[in-house]
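# Topology and contacts: notes
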Amino acid sequence: MTNNKSELDFYPTRVDSESKILPRTDPVIYSDSVSPLSKEQTSFFEENGYLIFESLFSLEEVKKLFEELAAISLDESKKTMPQFILEETEKDVRSIFEIHKISNMFDMLCQDKRISDVARQLLGSDIYIHQSRVNLKPGFDGKEFYWHSDFETWHSEDGMPNMRAISCSIGLTQNYEFNGPLMVIPGSHKKFVSCSGKTPSDHYKQSLKRQEIGTPDKQILERMALDGNIVSAKGDPGTVIFFDCNIMHGSNGNITPYPRSNAFFVFNSVHNQLVEPFCGLKPRPDYIASRDFTPIGSVDNFLTNSD
Ligand code: 6CS
Ligand code: FE
């Protein structure tokens, strides 16, 4: 299998009528470094595909981020930007993409050493932002994100060649067990679930609201959950979860009054730059999958470096 430019496709997906499990041929961790993560932490990540850091950012720091987010999400002039994805009800904002370009504070946040150095260590190289977003998951109306592997989409629809990217989710509100926290299946990152179906054109206009194509079938999900269980990334605001680009994850809807708003940065290795999408369609817009591979910098503290 290859894409339009005959680049080899190591993870064919959405090519058969059947969903199936393929081996992961990429490493999980791309360096032997033991800083800033210890050997124990890197071994846990290698095995499980995620790492949770309780209160990595202080409540005062998160309060500033939440105020910035509130100002942005309530700005009527911004709501018509394509980066703003509404829920299917067309009422509530579901996600705001490219948050690091809309807000200088979030731009500094993704370069804060407390998260960017972890990504550099795990990916063993300079990094750039493949995608940034805030998933607001408002109280009462925040809908679910069905089970999926991000890499399956980024490979198929964005042309991400290999599994050498890390997501970092920062809790901007309390992530309770009941308001739709991120759920991961530990160890699921070690297998690639090739999904059935065919990518529709402009699929993102549907998938970012509710994803169907690119989600594994129930038998495979059941087997993965039985093998690895399910872990909920609960935590106070400021809690951070790093998760491998290929780990199976999702989150439930939120019918509680408490919003579950998280910021997500996807760090991609500069050695894993996007090529032509393997689904054969045109690339997705830059605000979803950046094609600016300029490495990001590193700041000691996002607040002292913000405008
Ligand atoms: O398609 C994407 O890039 C987005 N979709 C999901 C469900 N997770 C990753 C990303 O936000
Ligand atoms: Fe995802």
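The structure reproduced in this document is the subject of the present report. (Residues numbered from 1 in each chain as written. Chains lettered and ligands numbered in written order. Predicted model: local features only at pLDDT ≥ 70, side-chain atom pairs only at ≥ 80, totals over all residues. Heavy atoms only, no water.)

The 4 strands lie next to each other as β6-β12-β8-β10, forming an open sheet whose pairing is antiparallel. Sheet topology places β6 (145-149) and β10 (231-232) at the edges, where each strand pairs with a single neighbour. Both strand β8 (residues 182-184) and strand β12 (residues 248-251) contribute to a ladder of 3 bridges, which runs antiparallel. Residue pairing for β12: L182 is matched across the bridge by S251. Relative to β6, helix α6 (residues 150-158) is tilted by about 70°, and along the sheet it contacts β6 and β12. (Pairing = 2+ DSSP bridges. Helix = DSSP H or I, 4+ residues; strand = E, 2+ residues; numbered from the N terminus. Contact = heavy atoms within 4.5 Å. Axes fitted to C-alpha atoms, helices over the stretch in contact; angles between N-to-C directions.)

Moving on, we get to the coordination of the iron ion (ligand 2). Coordination of the iron ion (ligand 2) by the protein involves H148 (NE2), D150 (OD) and H249 (NE2), with metal-donor separations of 2.1 to 2.3 Å. What the 4 donor atoms of the iron ion (ligand 2) show is an angle range of 80 to 175° at the metal, which sorts the shape as irregular. Read N to C, the donor residues that coordinate the iron ion (ligand 2) are spaced as H-x1-D-x98-H. Of this pair, D150 sits in helix α6 while H249 sits in strand β12, and the two are 99 residues apart along the sequence. On the basis of relative accessible area, D150 is assigned to the buried category, the value being 6%. The class for H249 is buried, based on a relative accessible area of 3%. (Donors = N, O, S within 2.8 Å, 3.2 Å for Na, K, Ca; no water. Tetrahedral: all angles 85-135°; square planar, octahedral: opposite > 155°, others 65-115°. Buried < 20%, exposed > 50% of the residue type's maximum accessible area, 1.4 Å probe, protein only.)

Before going further, it helps to spend a moment on the sheet that holds strand β7 (residues 165-171). With antiparallel pairing, the 7 strands of this open sheet are ordered in space as β2-β11-β7-β13-β5-β4-β3. Each end of this open sheet is capped by a strand with a single partner; those strands are β2 (50-53) and β3 (84-86). When the angles between neighbouring strand axes are averaged without regard to direction, this sheet yields 15°. Of the strand pairs in this sheet, β3 and strand β4 (residues 93-97) are connected by 3 bridges, and their pairing is antiparallel. Along β4, the bridge assignment pairs F84 with I96. Across the sheet, helix α1 (residues 39-48) is in contact with β2, β7 and β11 (240-244); its angle to β2 comes to roughly 130°. Helix α2 (residues 59-73) rests against β3, β4, β5 (127-135) and β7 of the sheet, and its axis sits at about 105° to β4.

Every residue close to ligand 1 is listed here: Q131, R133, H148, D150, T153, W154, L208, Q211 and R284. At 2.9 Å, a side-chain N or O of R284 approaches an oxygen atom of ligand 1. Protein contacts shield 94% of the accessible area of ligand 1, which totals 300 Å² for the unbound molecule. Elements with a minimum of two residues in the shell around ligand 1: β5 and α6. (Near = heavy atom within 4 Å. Polar contact = N/O pair within 3.5 Å; in protein donor to acceptor, adjacent residues only side chain to side chain. Areas by Shrake-Rupley, 256 points an atom, 1.4 Å probe, with all protein chains shown as cover.)

Take the packing of α2 against helix α4 (residues 104-111) next. The contact between α2 and α4 brings their axes to 10 Å, and the two run at 140°. Taken together, α2 and α4 sit at an angle that is classed as oblique. The two elements α2 and α4 meet at a crossing, and its hand is left-handed. Contact with α2, carried on its side by K64, L65, E68 and L69, involves N104, M105, F106 and L109 of α4 and no other residues of that element. Of the residues contributing to the contact of α2 with α4, the split by class is 5 nonpolar, 1 polar and 2 charged. (Parallel < 35°, antiparallel > 145°, perpendicular 65-115°, else oblique. Left-handed = near helix turned anticlockwise from the far one by under 90°. Nonpolar A, V, L, I, M, F, W, Y, C, P; charged D, E, K, R; others polar.)

Burial of α4 is extensive: 6 of the 8 residues sit out of reach of the surface. Every buried residue belonging to α4 is among M105, F106, M108, L109, C110 and Q111, and all of these are buried. Considering only its buried residues, α4 is in contact with α2, α3 (99-102), α5 (113-123), β5, β7 and β13 (262-269). In this structure S103 caps α4, since a side-chain oxygen of it lies 3.2 Å from the backbone nitrogen of M105.

What follows covers the side chain of R94. Turning to its location among the elements, R94 is positioned in strand β4. Only 3.2 Å separates the side chain of R94 from the backbone oxygen of K209, close enough to count as a polar contact. Residues contacting R94, with those up to four places away along its chain left out, are I85, L86, E87, V134, N135, L136, K137, K143, E144, F145, L208 and K209.

Here we take up the environment of S232. Structurally, the position occupied by S232 is in strand β10. Owing to a relative accessible area of 28%, S232 belongs among the partly exposed residues under this scheme. Every residue in contact with S232, bar those within four places of it in the chain, is listed here: P181, L182 and M183.

It is worth spelling out the pattern of salt bridges at this point. Overall, the coordinates contain 22 salt bridges when judged by the stated rule. With a shortest N-O distance of 2.8 Å, E157 and R14 are connected by a salt bridge. Of this pair, E157 sits in helix α6 while R14 sits in the segment before β1 (20-23), and the two are 143 residues apart along the sequence. We classify E157 as buried; its relative accessible area is 4%. With a shortest N-O distance of 3.2 Å, E90 and K209 are connected by a salt bridge. Pair noted here: E90 is in the loop between β3 and β4 and K209 is in the loop between α7 (204-207) and α8 (218-228), with a separation of 119 residues, a long-range link. For E90, a relative accessible area of 49% gives the class partly exposed. Counted as one network, the salt bridges with shared partners bring together R14, E152 and E157. (Salt bridge = Lys/Arg side-chain N within 4 Å of Asp/Glu carboxyl O.)

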